[in-house]
Structure formats: structure tokens, C-alpha cells
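Close look at the chain arrangement
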There are 2 protein chains.
Amino acid sequence: MAFDSVRTPAGKADQVLGGSVNYFSLAASLFTRVRIVAVVGEDFPLAHLEELGKRDIDTHGIQVVPGKTFHWAGEYDGAMNEAKTLSTSLNVLEHFDPKLPPSYIDSPVVFLANIDPVLQEHVLNQVKNPELIACDTMNFWITGKLEELKKTLKRVDLLCINEKEAYLLSDQKSLESAAKKIQAMGPSTVVIKRGEYGSAVFSGNEVFLAPAYLVDEVVDPTGAGDSFAGALVGYLAANGGSRAMMKTAPQDWDQLLRRAVVYGTVMASFTIEDFSIGRLKHLKKEELTLRKERLIKMISVRQ
Amino acid sequence: MAFDSVRTPAGKADQVLGGSVNYFSLAASLFTRVRIVAVVGEDFPLAHLEELGKRDIDTHGIQVVPGKTFHWAGEYDGAMNEAKTLSTSLNVLEHFDPKLPPSYIDSPVVFLANIDPVLQEHVLNQVKNPELIACDTMNFWITGKLEELKKTLKRVDLLCINEKEAYLLSDQKSLESAAKKIQAMGPSTVVIKRGEYGSAVFSGNEVFLAPAYLVDEVVDPTGAGDSFAGALVGYLAANGGSRAMMKTAPQDWDQLLRRAVVYGTVMASFTIEDFSIGRLKHLKKEELTLRKERLIKMISVRQ
């Protein structure tokens, strides 16, 4: 959970709601019930937790502690593929000790958002036999806590990572060899995000290339990757996606994954049309479905 | 027709065969008979024209004139999406006056490679009622001869252009609005090339997004766009693609175009695996077909 202050060529937004968990849970909640684990400071608007509750998002795992909520300030230049961080104030995140409420420990699907891999593992240790574990990370942890990250990755089934980070983590120069190397670290499914160009998805020996949906104006790319992951993992959870399926029915998994990626892609296309969670907050399933159908038409080839 | 001197992270090649027409015709010749119009100097190896002849490429329209063949020297950096031109020696190209042999004037399909738009129109004026006119151009002409280019574009059915050039030509900021604006200039089909990320194709109101095929090592991106266009236009020519089809059967055209773009995409993926026309020269149709099948599998979503 975060407050973001963002400047883009389209304008700026100060102290708006942000954070991976916000984008992820709003996106995933269109498919399945979501349980949040996070920390906020006393400055956080509790009304927002009520808003999340209305989307059937369980907020019992959100700790409210003395101090200020995490704050990120950044800006995007013309291409908008990469944020330039202006400042990061960890605040209450600095001493975050994620504790799962007892009602969470039977969660069948776990998504470990981008945070210290030691904390990611700490969360994993509290869940009882999850059926599917997905994970995100970033260059900061790849550079600074590589061994800890590799330890976490051993237990992960699906890794979401951007292109640059995939090259950094794998020390490879082509996308396919990067994916193969990362698969060998643990996650048999690797989803590589390529910003405005879409994603390349590797599951076992299968490859799926998904172009991004074309949007008229990118207002703010913040949260694109998190909402992509939210729709992706939410759709998989709602349709029985699991490690067992990966192993015993890889073809079914691959097809399910492709549809999930398409949902993730169009979800991200909505997110970037407004600052913060502005577009996502009011997004209807029918709007998502319409754009999903259009994207599938845009990538179809009749033989 | 050109000699190229190229440096890439993978190595370098000096004074090797290059030029749009080389890449285009070798690619297109896997689908249909090609007739070349070009100019070379006395330093050009006539043995190469014989090689082209063996691929059933008609070289009667190649003028051999006193002087040196056009020479381009360039290099690519890490990302390899854009060449940095080190030097351009026009040589015999400076006074090129493209003249079509009488046997060429009934050509049903015309591809105007990237050259002065005045010469492009001059070529067009010599062809009798072509059924399909495709065209390439570059930033140099968009900036320097915009009015002449627009005059040529009015007669063009299909424009191949890269992403940056599309934004430059249209003065728009999103891909879809750029395509719409270019369509209004004449070409009802606009193929926007996005380097390693593939292409976005606009025909009438249809959109086709084609990711690039993943290659292990990009040795030299030179000629990727030209061989893409060669397979694209060659496939269209071999399968009855025409302006009339665009108008009377737009759905058929759109489907034909999508398959043509897939062929173009995989053709480019072979081109960049070696310097010059090294890979293209010996490429077999079966290799192309195999990779085409693999790419189609990589972009398919079962609903």
C-alpha cells in the first residue's frame, strides 16, 4: 500500500493511492475473492479499505501502525516504458512484518508482490500447502539480495518480471535463453513483460507472445504491471490454475495461461488510461470482456 | 543495390552485398517471380546477378553504369533497433534514372523501395495499371521531401514504415491515430514495423498485431525491414492480393494480409541471423514454413 506522487507527459498526481496491492487486488477482484496482506500508516484513509471491501476484497491482513504510509515519487519521460524514481520513503514499510490472519492460511493461490524476498518467503511459510505460487520482483532485489531471491524462487510456480530484469536475473542476452535460465531457478512459468509491446510467456517448452492492446493516450503507466498480474493470477485462480495442472495437464495449463495473459494485457490497458487507480476503481467486467474480445481479434490468424 | 559495411555487437562485415532490392527480391522470390529495377557501378560483381537469376529473379532492369556502386556504412549498438549511419556514398545512385524494360510494364504488383519519392513516382508512371502498389520510405524523405512523398502516397495501396517514421509522418502520438492519419493520405493498408517487437498492421478498420519471432542471436539487423516487405508483398502477389480485393472483399484481404505479415515476420527473423544476405541466400521454403507454423502457434489463443 502506498501513496504515489507521479509526473507524466499527460499531467501529474500528488499523494494518490498506489502500491502494488491496490492495483493487483482491484484487478483480481473482477475474477475472484482477494485477501490482502499489507501495512499502512495512520495517515491512510480507512474509507479506502471500505471501498476495497465493497469489491469483496478481504482487508483483515492490513496492519495499521503508527507512522506514515510508504510514499513513492516518480516521473515518466516521453516513451513511458520506465519510471524514474525521484524519492522513496519507506516509512511504515521499513519494519513491516507480514502476519497472515488465521483465516488466510488456507489460501489456495498466493501472489508475492515486489518486496524483499526474505519477506516473500516469510509470507509463504505462513500459508498451508498453496496450490499455486506467483511472484514479482525488481532489479533492486536482483542486485541486492540475489541469493535470498533465488531461495524464494525455488518455491515459486509463476514469475512475473519485466524484460530488463529478466536479462539481469538470467545474465542472458536473448529472451528465450533468459526464460530457460529463470525456469531452471524454479518457476516453470515465466511471464516477461515488455511494456507497450506486450509480453512473452514461457511455460514448460511452450511460448506465447502477446502484443499489448493499443491505447489512445497513456496517462500514467504506474500499476500496469501490478494490474496485469492481478488479472492474470485472478483469472488463473478462478479457473483452477495450479501447480498440479502445470505438471499433469501442461497443454490445459498453457491454454488457460494464454487466456489469463490476454486478460492481464487488457487490464493493464485500462490502468494506464488514468492516474492512480482512477480507471480501475470503476472498471466493469463487461468493459474488460469487450476489450479482451477485440484484442483476440487483433492477434488472430486464420490459416 | 549497395555495398554495406556494418559493425554490430556480433562482429563486422566490410563491403558486403546489401541494398533494399537484394533483401526484398531474395525474400519475395520464394513466393513469386521478381523483376528488379536498380543501378549498380562497374565495381558490382556480375556473378551476383547470375545468382539472382538462378532464383528466377529478372535482372534486366538493372543498369550498369560507369562509377562506383552505392555504399552505406553503419553500426548498431546493444539494442540494435536502429542503425547509426557512419557514411553514405551515393555514387552511381546520385544520377539514377529508373527506366523499366518494356517487359516490365505489365507488372501487376509494384514495390517502391525506399528512395526519393520523385523517383518512386517516376517508376509508377511507367507501369501500366498495376493491381497493387506497395511502398517504403524513411525519415530522410519525410523531413526533406514531404510534399513529393504525399503525392506518391496518394497512389499507394500499402505502406511499410517503421514506428518512429509513422509518428513523424503523421504527427500523432498513438499508433492507431498515426495509422488513421496515414491511411487518409492514400494507403488503405499501413504496416508499422516495430523492430524486435514485431509489427502493427492497419487495413481499413482492421488491426493486426504481430509479435516478432524470437531469435537466439541477432547478428545484423540490416535488411530485416526489406526482407519483411519482400515476403509480405511476394506472398500477396502470389495469392491474388490487389487493390480490388481490398475494396470488394476487405475481409478476405485482411486475412490474406495477416498471413503475409506472418511470412514477413519470420523472413526477417532469418535475415538477422547473419550478415548481409548470408542467411537469405540459402534459405529454403520449408525452413520458412516451419518457422511460420511455430510463430502461429506462439500467437494463438483458443477461446
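This text gives an overview of the structure that appears in the document. What you are looking at is a predicted structure, and each value in this text was computed from that prediction instead of being measured. (Residues numbered from 1 in each chain as written. Chains lettered and ligands numbered in written order. Predicted model: local features only at pLDDT ≥ 70, side-chain atom pairs only at ≥ 80, totals over all residues.)

Our focus in this paragraph is the packing of helix α1 (residues 20-28) of chain A against helix α8 (residues 224-238) of chain A. For any two helices packed against each other, the geometry comes down to the angle between their axes and how far apart the axes lie. Residues and elements named next belong to chain A. α8 packs onto α1 with a crossing angle of 40° between their chain directions and a minimal axis gap of 7 Å. Taken together, the axes of α1 and α8 lie oblique to each other. Judged by the sense of rotation from one axis to the other, the crossing of α1 with α8 is right-handed. Seen from α1, the contacting residues are Ser-20, Tyr-23, Phe-24, Ser-25, Leu-26, Ala-27 and Ala-28; seen from α8, they are Asp-226, Ser-227, Ala-229, Gly-230, Ala-231, Val-233 and Gly-234. Residues that form the contact of α1 with α8 fall into these classes: eight nonpolar, five polar and one charged. (Axes fitted to C-alpha atoms, helices over the stretch in contact; angles between N-to-C directions. Helix = DSSP H or I, 4+ residues; strand = E, 2+ residues; numbered from the N terminus. Parallel < 35°, antiparallel > 145°, perpendicular 65-115°, else oblique. Left-handed = near helix turned anticlockwise from the far one by under 90°. Contact = placed C-beta atoms within 7 Å. Nonpolar A, V, L, I, M, F, W, Y, C, P; charged D, E, K, R; others polar.)

This brings us to the packing of helix α3 (residues 117-124) of chain B against helix α5 (residues 146-153) of chain B. All names here are of chain B. α5 packs onto α3 with a crossing angle of 25° between their chain directions and a minimal axis gap of 8 Å. In terms of orientation, α3 lies roughly parallel with respect to α5. Between α3 and α5 the crossing geometry is left-handed. Facing α3, whose interface residues are Pro-117, Val-118, Gln-120 and Glu-121, α5 presents Glu-148, Leu-149, Lys-151 and Thr-152. Classifying every residue of the contact of α3 with α5 by side-chain character gives three nonpolar, two polar and three charged.

All names here are of chain B. Inspection of the sheet shows strand β1 (residues 2-8) paired to strand β5 (residues 71-76) by five bridges, in the parallel sense. For Phe-3, the partnering residue across the bridge sits in β5 and is His-71. The antiparallel pairing of β5 with strand β6 (residues 83-89) creates a hairpin that spans six residues between the two strands, and Met-80 there sits at a positive phi of about 60°. (Pairing = 2+ DSSP bridges.)

Turning chain B through 180° and shifting it by 0.0 Å along the axis lays it on chain A, with an RMSD of 0.0 Å. In the structure described here, the two chain copies are related by an operation that fits a two-fold rotation axis. Same-surface contact between copies: 100% of interface residues of chain B are shared with the interface of chain A. (Least-squares fit on C-alpha atoms with pLDDT ≥ 70 in both.)

All right, on to the sheet that holds strand β8 (residues 132-136) of chain A then. Residue and element names in this part refer to chain A. Taken in spatial order, the six strands line up as β7-β8-β9-β10-β11-β12 in an open sheet, and their pairing is mixed. Each end of this open sheet is capped by a strand with a single partner; those strands are β7 (109-112) and β12 (206-210). If you compare each strand with its neighbour and ignore which way they point, the axes differ by 15° on average. Sheet analysis places strand β9 (residues 158-162) next to strand β10 (residues 189-193), joined by five bridges and oriented parallel. Paired with Leu-159 across the strands is Val-190, a residue of β10.

Moving on to the interface of chain B and chain A. Interface size, as often reported, equals the accessible area lost upon joining of the parts. Taken together, the contact pairs 25 residues of chain B with 25 residues of chain A. Considering every element that reaches the side of chain B that touches chain A, the biggest residue donor is helix α10 (residues 250-271) of chain B, with four residues. Residue composition of the side of chain B that touches chain A, by class: 13 nonpolar, five polar and seven charged.

What follows deals with the pairing of strand β11 (residues 199-203) of chain A. All names here are of chain A. Burial of β11 is extensive: five of the five residues sit out of reach of the surface. A two-sided burial pattern is seen for β11, the buried positions comprising Ser-199, Val-201 and Ser-203 on one face and Ala-200 and Phe-202 on the other. As defined by bridge partners, β10 adjoins β11 across five bridges and the pair is classed as antiparallel. Looking at β11, one finds that Thr-189 is bridged to Ser-203. Where β10 folds back onto β11 in an antiparallel hairpin, the turn is made up of five residues, including Gly-195, whose phi is positive at roughly 60°. (Buried ≥ 20, exposed ≤ 12 C-beta atoms within 10 Å, placed from the backbone.)

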